[in-house]
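Summary of structural features
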Amino acid sequence: MCATAAPWWKQSVVYQIYPQSFQDSNDDGIGDLRGIIQRLDYLKTLGVDVLWLNPIYESPLVDNGYDIADYQKINPMYGTMEDFRELLEKAHERGIRIVMDMVINHTSTEHRWFQESKKSKDNPYSDYYIWKDPKPDGSAPNNWGSTFGGPAWEYVPERNQYYLHCFAIEQADLNWESETVRQDIYDQLRFWLDLGVDGFRFDVISLISKDQSFPDNNGEYVYTKSYYAGCSNGPRVHEFLHELHEQVLDHYETITVGETPNTNSAQALLFTNPERKELDMVFQFEHMHLDYGKYGKFSLERVNLADLKENLSKWEHDLEQGWNSLYWNNHDQPRAVSRFGDENYPVESAKMLGTLLHGMKGTPYIYMGEELGLKNTVYDSLDEYQDIETRYFIENMKEAGENPEFIRQVVYNGSRDNARAPIPWNDQKPYYGFSNHKPWLNFSKETSANVETALANPQSVFYHYQKLIALRKQLPAMVDGTYTLLAADHPQVYAYRRSTSNQDLVILCSFAPEEIPFELDPKESRVNPAKARLVLSNLENSPHTLEGVHRLRPYEALIYCLDKEN
C-alpha cells in the first residue's frame with residue numbers, strides 16, 4: 001500500500017485527557033501529570049499519536065481550569081513545571097505529541113491582568129477586557145446572557161462600569177481589539193511552543209471578535225445561546241486568527257484545533273482552508289445539537305439517524321478543501337455509548353460508533369474511556385454532580401417546579417460530569433486503581449468497564465480501537481479518500497464509501513438492536529462486491545467479501561477494501 005502525502009496531523013489520532021480524572025499518582029484523589037506519565041505505555045499500546053490535555057494552568061477552578069489565572073504556571077494540584085517537562089520528554093520518546101488546551105477568549109478574574117484592569121479606567125491594563133458604561137438607569141449595557149446563567153455583564157464599582165463574561169462571572173472576556181492584548185497573548189503561546197509543545201486546542205476561539213455595536217439579543221435571554229448575538233464569528237475573527245498564524249504559529253511545527261461554537265460548515269471552511277493560514281481544523285457542534293430539546297442538551301430526545309447522516313455527510317462535503325475534527329464525546333459531552341449507541345449493547349455499539357467515525361475524512365478524537373466503551377455516570381443523588389453548568393440547571397429546574405424524576409433523567413443524559421468521572425483502571429473497589437483516596441468526583445455506581453479487563457480480552461473495545469488507529473496508517477483512502485454516502489434512505493444503516501484513484505473503502509454500520517436484512521447495490525457503491533475484502537469487523541464470523549453481506553447483526557460494523565488495478 002502506498003503512503004499518503006497528507007500532513008502528519010491528518011494521519012494522526014488524538015487522545016483527549018481530562019487530567020483531574022485520568023490517574024492519581026500521589027493519592028490525593030486528583031489526577032495529575034505524573035499519573036499521565038505512568039500511563040504513557042498504555043497510550044502507546046493503543047496507538048494514538050497526539051495527547052490533548054485539558055487545561056493544567058494555575059486556576060481557581062471555577063470552570064475546571066477554563067478560568068486561567070496564570071498562563072505560564074502549572075496548577076500545583078497537577079504537579080510542577082518539571083513534571084510537565086518530563087511528560088513532554090517521555091511522550092516524545094514514544095512518538096506521541098502533546099497539545100495544550102489554550103483559553104484565550106477569556107481569563108480568570110484572578111489573573112493579574114484583570115486585577116489591574118478593574119482598578120481604574122486609566123491604568124496600563126485598563127483596556128485588556130471589555131468594559132462598558134451602564135445604561136442611564138444603571139443597568140447592564142445590553143441584555144446578553146451568560147452560558148452558565150444570568151446576565152453576561154458584571155458591575156465593578158471601582159470603574160463604575162460593567163465587564164463582559166460570556167461564561168461564569170469569574171471568566172472575563174479579553175479585548176482582542178487591543179493590539180497590546182493580542183501581543184501579550186501571543187507571548188503566552190510562544191512560551192509553551194518554545195518549551196516544546198506541539199500545538200493548541202483553542203477554546204471557544206470563534207468568540208474572540210465581538211460585534212462592537214453590542215446589539216441586544218432579540219429583547220430577551222436565550223438559555224446558553226444569548227451571547228451568540230454579537231460574539232460568535234465576529235467581524236474580525238479571521239483577521240485575528242490570520243495574524244496569530246503569521247506572527248506565532250507559522251514559526252513552529254504545530255497542530256491547531258479551534259473550538260468554534262455556533263459555526264456552520266461554510267464558516268468552518270474559512271477557518272480551515274490552508275490557503276487562508278488560520279487553523280488546521282475545527283471542533284464544531286452541529287451533530288451535537290441534533291438531540292437538543294426544550295432545555296438544550298438536558299433532554300430525553302434521541303438522535304434521528306437520518307438527521308445524523310445528513311449532517312455528517314454535509315460536513316464531509318463542505319470541508320473538502322478544509323479539515324474537520326471527528327468526535328462523539330469530549331469533556332463537555334455525555335458518553336457516546338449512552339447517547340448515540342445502546343447501553344444494552346455497550347461493546348457492539350461502542351465498536352460500531354468507533355468504526356463509523358474513524359472511517360471518515362478528518363482527524364479522529366478519542367476521549368479518555370471511549371476506548372473502553374464507558375457509559376454515562378449513574379449517581380444516587382443529584383447532589384453528587386459538581387459541574388457548574390449542571391448545578392445551575394438543577395437549581396433552575398427545581399425553582400421552576402419541574403418533576404424531580406425528569407430532572408434526574410435529563411441530567412443523566414446530558415451532564416458534563418458523565419465524561420469527567422475518573423477512569424477505572426481495574427475492578428478493585430472503591431477507587432478502581434485510579435487512586436487510594438476518595439476521588440474529587442465520584443465514580444459511577446455502575447462502573448461498566450475497566451482498563452485491566454479490556455487489555456485481557458482480545459475482543460474488547462480497546463483492541464477494536466487499536467485496529468482502527470492502525471488502519472488509518474495503512475489505508476490511504478481513510479485519510480485522503482473522497483466521501484460518498486450510500487443507502488441514504490435506509491432508516492437503520494449508515495453506509496458510505498471512501499475513494500482514491502487506487503483504493504475504495506466501503507463502511508457499513510448498523511444502528512439496529514436486532515438483525516436486519518441489508519444488501520448494498522453494486523451500481524450505487526461502484527465497487528465490485530466479490531473483490532472487496534473484509535479488513536475489519538466488530539463481530540466474529542463476518543462475510544469475507546462484500547458480496548456475502550445480506551444481513552447485518554445488531555450494531556454490526558464492517559469495513560471492506562478494494563485496491564484498484566492501475
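Each chain has its residues counted from 1, following the order in which its sequence is written. Totals for whole chains, interfaces and linings use all residues, but because this is a predicted model, local features are given only for residues with pLDDT of at least 70 and pairs of side-chain atoms are given and counted only at 80 or more. Side-chain measures here rest on the full set of heavy atoms in the structure, leaving out hydrogens and waters.

1. Some words on the side chain of His111
Note the following rule: Numbering of helices and strands runs from the N terminus, with a helix taken as a DSSP run of H or I at least four residues long and a strand as a DSSP run of E at least two residues long. When accessible area is computed with a 1.4 Å probe and restricted to protein chains, residues below 20% of their type maximum are described as buried, those above 50% as exposed, and intermediate ones as partly exposed. In what follows, a contact means two residues having at least one pair of non-hydrogen atoms within 4.5 Å.
Looking at the secondary structure, you find His111 in the loop between β6 (106-108) and α5 (112-117). Residue His111 is classed as buried on the basis of its relative accessible area of 5%. Apart from residues no more than four positions distant in its own chain, His111 is found in contact with Ile68, Ala69, Asp70, Tyr71 and Tyr129.

2. Some thoughts on unusual backbone geometry
Put simply, Lys429 and Pro430 share a cis peptide bond, and its omega is 10°. By secondary structure assignment, the location of Pro430 is in the loop between α14 (417-420) and α15 (451-455). In this model, Asp27 sits at a positive phi of 60°, which is unusual for a non-glycine residue. Relative to the helices and strands, Asp27 resides in the loop between β1 (14-17) and α2 (33-38). With a phi angle near 55°, Tyr555 is a residue other than glycine that sits in the positive phi range. Looking at where Tyr555 falls in the secondary structure, it is placed in the loop between β21 (551-552) and β22 (557-563).

3. Points about the pairing of β22
Spelled out, the test is: Pairing between strands requires that DSSP locate at least two bridges from one strand to the other.
The buried fraction of β22 amounts to six of the seven residues, a majority that puts the element mostly inside the structure. Sheet analysis places strand β18 (residues 503-510) next to β22, joined by seven bridges and oriented antiparallel. In the strand pairing of β22, Gln503 is matched with Asp563. Here strand β20 (residues 533-537) pairs with β22 via four bridges, running antiparallel. Across the sheet, Leu534 pairs through a bridge with Tyr560, a residue of β22.

4. Concerning the layout of surface pockets
The method is simple in principle: a probe with the dimensions of a water molecule rolls over the atoms, and the space it marks as empty is what remains. Basically, it comes down to this: Only protein atoms enter the calculation, which uses a 1 Å grid: trapped sets of points that fit a 1.4 Å probe without letting it out are cavities, open sets showing protein on both sides within 12 Å along at least five of seven lines are pockets, and any residue with an atom within 4 Å of a point is a lining residue. Grid points are joined across faces, edges and corners, and a volume is the space filled by probe spheres set on the points.
Approximately 300 Å³ is the volume attributed to the largest pocket. Lining the largest pocket are 19 residues, and of these Trp9, His245, Pro274, Leu279 and Asp280 lie nearest its centre.

5. What to know about the packing of aromatic side chains
Our working definition: Two aromatic rings from Phe, Tyr or Trp, using only the six-membered ring of Trp, form a pair when their centres are within 6.5 Å; if the ring planes differ by under 30 degrees the pair is stacked, by over 60 it is edge-to-face, and anything between is tilted.
In this structure the tally under the stated criterion is 41 aromatic pairs. Residues Phe285 and Tyr327 carry aromatic rings whose centres are separated by 6.4 Å and whose planes lie at 75° to one another, so their mutual orientation is edge-to-face. Taken together, the residues span a long stretch of sequence, with Phe285 in the loop between β13 (281-283) and α9 (305-318) and Tyr327 in the loop between β14 (325-326) and α10 (336-339) at a distance of 42 residues. The exposure class assigned to Phe285 is buried, which follows from its relative accessible area of 10%. With a relative accessible area of 1%, Tyr327 lands in the buried category. Taken together through their ring pairs, the aromatic side chains of Tyr57, Tyr71, Phe84, Trp113, Tyr125, Tyr128, Phe191 and Trp192 make up a single cluster.

6. Examining helix α8 (residues 265-272)
Quick reminder of the rule: The directions considered for the arc run from the helix axis to the C-beta atoms. Polar contact is defined as a pair of N or O atoms within 3.5 Å, subject to the rule that within protein one atom must be able to donate a hydrogen and the other to accept it, and that residues adjacent in sequence are counted only when both atoms are side-chain atoms.
Along α8, the residues that are buried comprise Ser265, Ala268, Phe271 and Thr272. The buried residues of α8 occupy an angular sector of 105° when projected down its axis, which confines them to one face. If you follow the buried residues of α8, they end up packed against α7 (237-247), β13 and α9. One side-chain oxygen at the N-terminal end of α8 lies 3.2 Å from the backbone nitrogen of Ala266; it belongs to Asn264.

7. Some words on the packing of helix α12 (residues 388-399) against helix α13 (residues 404-414)
To be explicit about the condition: To obtain each axis, a line is fitted to C-alpha atoms, and for helices this fit is confined to the stretch in contact; angles are then taken between N-to-C directions over 0 to 180 degrees. Just so you know how the angles are binned, under 35 degrees is roughly parallel, over 145 roughly antiparallel, 65 to 115 roughly perpendicular, and the rest oblique. We call a crossing left-handed when the near helix sits turned anticlockwise from the far one by less than a right angle, and right-handed when that turn is clockwise. Each residue is assigned to one of three groups, with Ala, Val, Leu, Ile, Met, Phe, Trp, Tyr, Cys and Pro labelled nonpolar, Asp, Glu, Lys and Arg labelled charged, and all others, Gly among them, labelled polar.
One can describe the packing of α12 onto α13 by two numbers: an axis separation of 11 Å at closest approach and a directional angle of 160°. In terms of their interaxial angle, α12 and α13 are classed as roughly antiparallel. Like other packed secondary-structure pairs, α12 and α13 cross with a definite hand, here right-handed. For the pair α12 and α13, contact is made by Thr390, Phe393, Ile394, Met397 and Lys398 and by Ile407, Val410 and Val411, respectively. Along the lines of polarity and charge, the residues of the contact of α12 with α13 split into six nonpolar, one polar and one charged.

8. Overview of the state of the cysteines
Definition in use: Criterion for a disulfide: a pair of cysteine sulfur atoms at a distance within 2.5 Å.
Enumeration according to the criterion identifies zero disulfides in this entry. Cys166 forms no disulfide, and the closest cysteine sulfur to it belongs to Cys231, at a distance of 3.5 Å.

9. Quick word on the sheet that holds β18
Spatial strand order, β16-β17-β18-β22-β20: five strands in an open sheet with antiparallel pairing. Looking at strand neighbours, the two that pair on one side only are β16 (482-486) and β20, the edges of this open sheet. Looking at each pair of strands side by side, their axes are set apart by 20° on average, direction ignored. Of the strands in this sheet, β16 and β17 (493-499) are in contact with α9, which crosses β17 at around 15°. Each of β17, β18 and β22 touches helix α11 (residues 346-358); the most contacted strand, β18, lies at about 145° to it.

10. What about the sheet that holds strand β2 (residues 50-53)?
Spatial ordering of the open sheet is given by β13-β12-β11-β5-β2-β1-β15-β14, a layout of eight strands whose pairing is parallel. Each edge of the open sheet is held by one strand with a lone partner, namely β13 and β14. Pairing of strand β11 (residues 199-202) with strand β12 (residues 255-259) involves four bridges; the strand directions are parallel. Bridge pairing in β12 places Phe200 opposite Thr256.

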